[in-house]
Amino acid sequence: MAKFPATRFYAQRHNHNACIHSALNKAQHICAEKEIRFTRIRQQTLELIWSSHKPVLAYELLRTLRREKRNAEPPTVYRALDFLLENQLIHKIESLNAYVGCHFPDKDHISQFLICTGCHQIAELEDSNVNKVITRQAARSGFQVAQQTVEIRGLCPICQNL
């Protein structure tokens, strides 16, 4: 598994339009390649998740989607989230029960997440050595790893300088 560069933490005045545009383009390309539908609700959900680099709760997504589509219900959002997760377009931050955009949706990978306790932004890392150590240590205990989620809390460079 190749190493990808760590994503970064963004200043508050960061323009997310480029991030949103890039994520939507990647998603459209991946869906076209897989011959699966990238419906309007899936696009909107992905766009909302990428509107900041902070984790988003499902009910926050639902509240926002209801402004445009009044009859949006929780199953609608959860189906869209399941689709985006299944196609590796987003990640679930398990400890927060929230979602963030995947920076590397076109690469098979297992990520680690840096969670800033100051501004709540998240940066994505991918280090296959971390995955190997966890898998090897688990195997020594007779445990077979099915899924890994590594979440590291601390302060981003921006919050350290406040």
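All of these numbers come straight from a predicted model, not from anything done at the bench.

S.K.: How do you make sense of the side chain of glutamine 44 when you look at a structure like this?
M.R.: Here glutamine 44 shows up in helix H2 (residues 40–49). Residue classification places glutamine 44 among the buried residues on the basis of a relative accessible area of 10%.

S.K.: Is there a simple way to think about the sheet that holds strand S1 (residues 56–57) in this case?
M.R.: Sheets are built from strands that pair by backbone hydrogen bonding, the pairs being arranged parallel or antiparallel. Within the open sheet, the 3 strands sit side by side as S1-S3-S2. Their pairing is antiparallel. Looking at strand neighbours, the two that pair on one side only are S1 and strand S2 (90–93), the edges of this open sheet. Of the pairings in the sheet, the one linking S1 to strand S3 (residues 98–101) comprises 2 bridges and is antiparallel in character. Paired with leucine 57 across the two strands is alanine 98, which belongs to S3. Against the sheet, H2 makes contact with S1, S2 and S3, and its axis sits at roughly 90 degrees relative to S3, the strand it touches most. Most of the contacts of helix H4 (residues 74–86) go to S2, to which it runs at about 110 degrees, and overall it touches S2 and S3.

S.K.: Just checking my understanding: could you explain the pattern of salt bridges for this structure?
M.R.: Between side chains of opposite charge, pairing is possible as soon as their charged atoms come close. One pass over the full model with this rule turns up 1 salt bridge. Arginine 66 serves as the salt-bridge partner of glutamate 73, at 3.5 Å between the closest nitrogen and oxygen. Assessed through its relative accessible area of 34%, arginine 66 is described here as partly exposed.

S.K.: Whenever I open this one, the nonpolar core confuses me. Can you help?
M.R.: Generally speaking, nonpolar side chains in soluble globular proteins are found buried as a group. The biggest cluster of nonpolar side chains holds 25 residues, and the ones touching the most others in it are Phe38, Leu46, Leu81 and Leu84. If you list the elements that add at least two residues to this core, you get helix H1 (17–34), H2, helix H3 (58–68) and H4. At 7 residues, H1 tops the list of elements feeding residues into this core. Here leucine 46 is in contact with Ala23, Leu24, Ala27, Phe38, Leu84, Leu89 and Ile90, once residues within four sequence places are set aside. By size, the runner-up hydrophobic cluster in this structure holds 6 residues, among which are Phe9, Cys116, Cys119 and Cys156.

S.K.: Can you walk me through H2 in this structure?
M.R.: All buried positions along H2 are accounted for by Ile41, Gln44, Thr45, Leu46 and Ile49. Considering only its buried residues, H2 is in contact with H1, S1, H3, H4, S2 and S3.

S.K.: What's the story with the packing of aromatic side chains in this structure? I'm lost.
M.R.: By the definition in use, this model includes 1 aromatic pair. Measuring from ring centre to ring centre gives 6.5 Å for tyrosine 59 and tyrosine 78, while their planes differ by 70 degrees; the resulting arrangement is edge-to-face. Taken as a pair, tyrosine 59 in helix H3 and tyrosine 78 in helix H4 lie far apart in primary sequence, 19 residues in all. According to the relative accessible area criterion, tyrosine 59 is partly exposed, its value standing at 47%. With relative accessibility at 32%, the residue tyrosine 78 sits in the partly exposed group. The residue whose ring lies beneath arginine 42 is phenylalanine 83, and the NZ or CZ to ring-centre distance is 3.7 Å.

Calculation criteria
- Residues numbered from 1 in each chain as written.
- Predicted model: local features only at pLDDT ≥ 70, side-chain atom pairs only at ≥ 80, totals over all residues.
- Heavy atoms only, no water.
- Helix = DSSP H or I, 4+ residues; strand = E, 2+ residues; numbered from the N terminus.
- Buried < 20%, exposed > 50% of the residue type's maximum accessible area, 1.4 Å probe, protein only.
- Pairing = 2+ DSSP bridges.
- Contact = heavy atoms within 4.5 Å.
- Axes fitted to C-alpha atoms, helices over the stretch in contact; angles between N-to-C directions.
- Salt bridge = Lys/Arg side-chain N within 4 Å of Asp/Glu carboxyl O.
- Core = buried A, V, L, I, M, F, W, Y, C linked by side-chain atoms within 4.5 Å.
- Phe/Tyr/Trp six-rings, centres within 6.5 Å; stacked < 30°, edge-to-face > 60°.
- Lys NZ or Arg CZ within 6 Å of the ring centre and 35° of its normal.

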